[in-house]
Amino acid sequence: MEKISVAVRFRPSTAPDLPAERQWRVEDNRISLHLLDGTPVSGVSFAFDHVFDQSSTNATVYDLLIKSIIHATVNGFNGTAFAYGQTSSGKTFTMNGSEDDPGIIPRAVRDIFHTTQMTTDREFLIRVSYMEIYNEEINDLLTLGNQKLPIHESLERGIFVAGLREEIVNSAEQVFELIKLGEANRHFGETNMNVRSSRSHTIFRMVIESSVKDPISSGDVSNADAIRVSVLNLVDLAGSERIAKTGAGGVRLKEGKHINKSLMILGNVINKLSENGKQRGHIPYRDSKLTRILQPALGGNAKTSIICTVAPEEVHIEESRGTLQFASRAKRITNCAQVNEILTDAALLKRQKLEIEELRRKLQGSHSEVLEQVILKQRNDMHKSELECERLAMQLEEERRSREALEHCIREQQKKINNFTSLANSSDQARSSAKQMDSRNTNDEVIMPQEDAFKTPNFKVMPHDFVVKRSNCSRDLESSPLPENFANVADEDLWMRLNKGCTTDLDMLQMTPDMKYQSFTSSDISVGLALEEEISNKGRLPILETECRFNKHLEASKEECAAVERECNLLREEKASLMQALSMSKQDVELLAAEKEELLKELNIERQKMKDLKEEIHVFSLAFSQREGLLTALYSKSKAMVENLKASQDVKLRALITNCF
Ligand SMILES: Nc1ncnc2c1ncn2[C@@H]1O[C@H](COP(=O)(O)OP(=O)(O)OP(=O)(O)O)[C@@H](O)[C@H]1O
């Protein structure tokens, strides 16, 4: 929300030397009425945003009051500047200016083209129209004849004058040409107050459309099709007049009545708007064409400046007071200006498309992130599975080895058992032959079969007869596997029992080379047999126990191996399914990339189309303005011809009349 900016401008006095009892005094931005002796007239003091005294130029007025609005208009805000004041107070001078001091309109035109050229990131399309409200009818000043154009209102365009010619322009000079044409069609008239008095309100309008020039390089893709459309109205109002002063009659009187009526409605609208919200009530915009057209500028979506022109002469003090009161009410009006961005259906579609694309990109980004995470996780899982597989394979291998070792151990035990069995058999045989010998000759020597004696220890012989020497490597007592108290002699069976079933490497044992056959007495033999039997029975039991334990252990190992193999199979299956998921994710990513490519292609095609259309419009407008120029020239020519003809006819007629009389 922003207040309308209001300024007052005094034109130079037309009668500076005339003595005056009261005169206006300007101090900073305050204006007050003073008596000749300097006493201020009570209640006639006003403050405004700017007060321009008689020496001020159009350049100062433009720079301080209008320039900012013009720049805002180029940036998409609606802007309005209008001159209000009694007749001959300097409105037209302020708006149009002179050769030496151009007014607001020519300065604004130049400034707009300069600013648009400086704004390199946007491209502009500027249209110009020029209309007047004459006797409460709207005429197009750029078109011949009085058209009485109607005012319409629509959602897209707001309030607009239907059928008003809008000229596309590319340079300030082109605009000045059009202004010249409009000025030629404008209604001026001579009154007592002003030799060239505006008999109509004129509205010079510039419509500025702009869009981002290169949305991709400027990074403003979402605004590529948003078109800013702003309207600048530069209004030169007809001046309020006192019929008595203007001396108007006939046509001028009729014009004056319309002028005063519409200015009165403008005053009413300003009054209403200046009241605070609750008391405001209905704003009578529709009561006149002027207020209807200026509606957005008064309390609406526009940046507005009002310049109130004042004639300084004492004779105009009452009108000037009225102007200042109007100005101070206008100061209270608040507008709400905002950038006007419009979207055509195609542009809207395009913007939505871009938004969708943007969303899709985001989605795709997050999707690919998710996919990447999934892939990463799957890879990690796979890696873990492989490690687990390796670990299990190693465990399996270990189990296999220990199983083999156990089997080997069992085989060894089996061998031992077999040996024991054969020993038992041979002891049986020896016992029976000893019995036989005992029965035949008790003094005969017992002869042991040589191979038996050398293969395994023989329990039927006396301990000291069957001896083993320590192996070479085990001669050192410290590291010898044989217990020390066995000294140099060991009973292998006993050794076996002491080692709780662990096999002794028999190859490490060296049998004594010269084993002598000894003779045994029968009592010795019987003692030996009893001892052998006892040892034999006691020795087998732990061996069998060990064997049973081994068998059980073997069974457990087998089961464990089977479980490990099952686990391996499961892991292999899991790895296969992970690989499948990975390849599906890759396919997804490829599909999305292809889709994105498609959309980008479409976008480029649309962009090219837009460019082509703009070029077409440009070419068309150039051709159109050329044609218009030709027509105007033709019209002026024919008008001159008609006037010449009329003049010559007049001359002829006068000559004829003279001749007749
Ligand atoms: N600031 C000024 N400096 C010099 N001359 C001025 C100034 N203001 C107005 N004049 C002159 O005063 C005369 C009347 O001015 P102008 O035609 O602009 O008044 P106006 O308010 O437009 O009148 P109307 O309402 O009748 O059209 C003109 O001759 C104009 O050149």
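Residues numbered from 1 in each chain as written. Predicted model: local features only at pLDDT ≥ 70, side-chain atom pairs only at ≥ 80, totals over all residues. Heavy atoms only, no water.

## Digging into the pairing of strand β3 (residues 22–27)
Convention followed: Note: two strands are recorded as paired if DSSP finds a minimum of 2 bridges between them. Helix and strand definitions here come from DSSP, where helices need a minimum of 4 consecutive H or I residues and strands a minimum of 2 consecutive E residues; each element is numbered from the N-terminal end.
In the sheet, β3 pairs with strand β4 (residues 30–35) via six bridges, with the strands oriented antiparallel. Within β4, the position partnered with Gln-23 by the bridge is His-34.

## Considerations on the packing of aromatic side chains
The relation between two aromatic rings is expressed through the spacing of the ring centres and the mutual angle of the planes. Note the cut-off: Pairing of aromatic rings covers Phe, Tyr and Trp, the last through its six-membered ring, and needs centres within 6.5 Å; plane angles under 30 degrees mean stacked, over 60 mean edge-to-face, and all others mean tilted. In this scheme, a residue with accessible area under 20% of its type's maximum is buried, one over 50% is exposed, and one in between is partly exposed, where area comes from a 1.4 Å probe on protein chains only. Only Lys NZ and Arg CZ are tested; either one counts as a charge over a ring when it is within 6 Å of the ring centre and within 35 degrees of the ring normal.
Applying the stated criterion across every chain yields a total of five aromatic pairs. Between Phe-46 and Phe-48, the aromatic rings sit 6.2 Å apart at their centres with planes inclined by 20°, giving stacked as the arrangement. There is no split in this pair, since Phe-46 and Phe-48 are both buried. For the pair Phe-620 and Phe-624, a centre-to-centre distance of 6.0 Å together with 25° between the ring planes defines the contact as stacked. With Phe-620 and Phe-624 both in helix α14 (residues 522–660) and four residues apart, this pair spans about one turn of that helix. Overall, the relative accessible area of 59% leaves Phe-620 in the exposed class. Here Phe-624 falls in the partly exposed class, since its relative accessible area comes to 38%. In this structure, Arg-196 packs its charged tip against the face of Phe-188, placed 3.5 Å from the ring centre. The residue whose ring lies beneath Lys-303 is Phe-77, and the NZ or CZ to ring-centre distance is 4.8 Å.

## Topic: the nonpolar core
Keep this limit in mind: By nonpolar core we mean a set of buried residues, namely Ala, Val, Leu, Ile, Met, Phe, Trp, Tyr and Cys, connected to one another through side-chain atoms within 4.5 Å. Throughout, a contact is declared for two residues whenever any of their heavy atoms are within 4.5 Å.
By size, the foremost hydrophobic cluster in this structure holds 44 residues, and its most contacted members are Leu-266, Leu-298 and Ile-306. It is helix α7 (residues 250–274) that contributes the most residues to this core, six residues altogether. Residues in contact with Ile-306, not counting those within four places in the same chain, are Ile-4, Ser-5, Val-6, Ala-7, Leu-65, Phe-82, Tyr-84, Ile-270, Phe-326 and Ala-330.

## Side note on the environment of Glu-318
Tracing the backbone through its elements, the reader meets Glu-318 in helix α10 (residues 317–330). Filtering out sequence-adjacent residues up to four positions away, Glu-318 remains in contact with Arg-22 and Arg-242.

## Quick notes on the environment of Val-51
Turning to its location among the elements, Val-51 is positioned in strand β6 (residues 50–52). The exposure class of Val-51 is buried, given its relative accessible area of 9%. For Val-51 and Val-26, which are 25 residues apart along the polypeptide, the C-alpha to C-alpha distance reads 7.2 Å. Leave out the neighbours within four places in its chain, and Val-51 touches Val-8, Val-26, Asp-28, Asn-29, Arg-30 and Ile-31.

## Here we look at a nonpolar patch on the surface
Operational definition: Residues with no salt bridge and a relative accessible area higher than 30% make up the patches, which join like charges within 9 Å and nonpolar side chains (Val, Leu, Ile, Met, Phe, Trp, Tyr) within 5 Å. Surface accessibility in these figures is a Shrake-Rupley result with a 1.4 Å probe; residues are shielded only by whichever protein chains are displayed. Salt bridges are defined by distance alone: a side-chain nitrogen of Lys or Arg within 4 Å of a carboxyl oxygen of Asp or Glu.
Together, Leu-653, Leu-656, Ile-657 and Phe-661 make up an exposed nonpolar region whose accessible area comes to about 490 Å². As for its position among the elements, Ile-657 is in helix α14.

## What about the site of the ligand?
To keep things clear, this is the line we draw: Proximity is defined per residue: if any heavy atom of the residue lies within 4 Å of a molecule or strand, that residue is considered near it. Pairing of N or O atoms within 3.5 Å defines a polar contact, subject to two protein rules: one partner must be a possible hydrogen donor and the other a possible acceptor, and residues neighboring in sequence count only if both atoms are side-chain atoms.
Near the ligand, the surroundings consist of 15 residues, among which Thr-87, Lys-91, Thr-92, Ser-197 and Ser-198 are the closest. Here Thr-87 contributes a side-chain N or O atom positioned 2.5 Å from an oxygen atom of the ligand. Between the ligand and the protein, one listed contact pairs an oxygen atom with a side-chain N or O atom of Lys-91 at 2.7 Å. Considered on its own, the ligand offers 620 Å² of accessible surface; in the complex 75% of this is hidden by protein. Breaking the shell around the ligand down by element, the ones donating at least two residues are α2 (91–96) and β14 (197–198). Of all the elements, α2 adds the most residues to the shell around the ligand, at three residues.

## What about the packing of helix α1 (residues 58–74) against helix α3 (residues 104–118)?
The condition is simple: Here an axis means a line fitted to C-alpha atoms, over the contact stretch when the element is a helix, while the angle between two N-to-C directions is reported on a 0 to 180 degree scale. Orientation is classified from the angle alone, with under 35 degrees giving roughly parallel, over 145 giving roughly antiparallel, 65 to 115 giving roughly perpendicular, and any other angle giving oblique. Handedness of a crossing follows from how the near helix is turned relative to the far one, being left-handed for an anticlockwise turn of less than a right angle and right-handed for a clockwise one.
The contact between α1 and α3 brings their axes to 10 Å, and the two run at 45°. As judged from the angle between their axes, α1 and α3 are oblique. As for the relative orientation of α1 and α3, their crossing is right-handed in sense. Contacts between α1 and α3 involve Asn-58, Ala-59, Val-61, Tyr-62, Ile-66, Lys-67, Ile-70, His-71 and Val-74 from the former and Ile-104, Arg-107, Ala-108, Asp-111, Ile-112, Thr-115 and Thr-116 from the latter.

## Observations concerning unusual backbone geometry
For Asn-135, which is not glycine, the phi dihedral falls at a positive 45°. Within the secondary structure layout, Asn-135 lies in the loop between β8 (122–134) and β9 (137–140). In the Ramachandran plot, Glu-136 falls in the positive-phi region, its phi being about 65° despite a non-glycine side chain. Take Glu-136: it is sitting in the loop between β8 and β9. Judged by its relative accessible area of 24%, Glu-136 is partly exposed.

## Some thoughts on the sheet that holds β4
Taking strand neighbours across the sheet as the criterion, the three strands line up as β3-β4-β5 in an open arrangement whose pairing is antiparallel. Unpaired on one side and paired on the other, β3 and β5 (40–47) mark the two borders of the sheet. Across the sheet, the mean angle from the axis of one strand to that of its neighbour is 20°, orientation sign disregarded. Packed onto the sheet, α10 meets β3, β4 and β5 and runs at close to 35° relative to β3.

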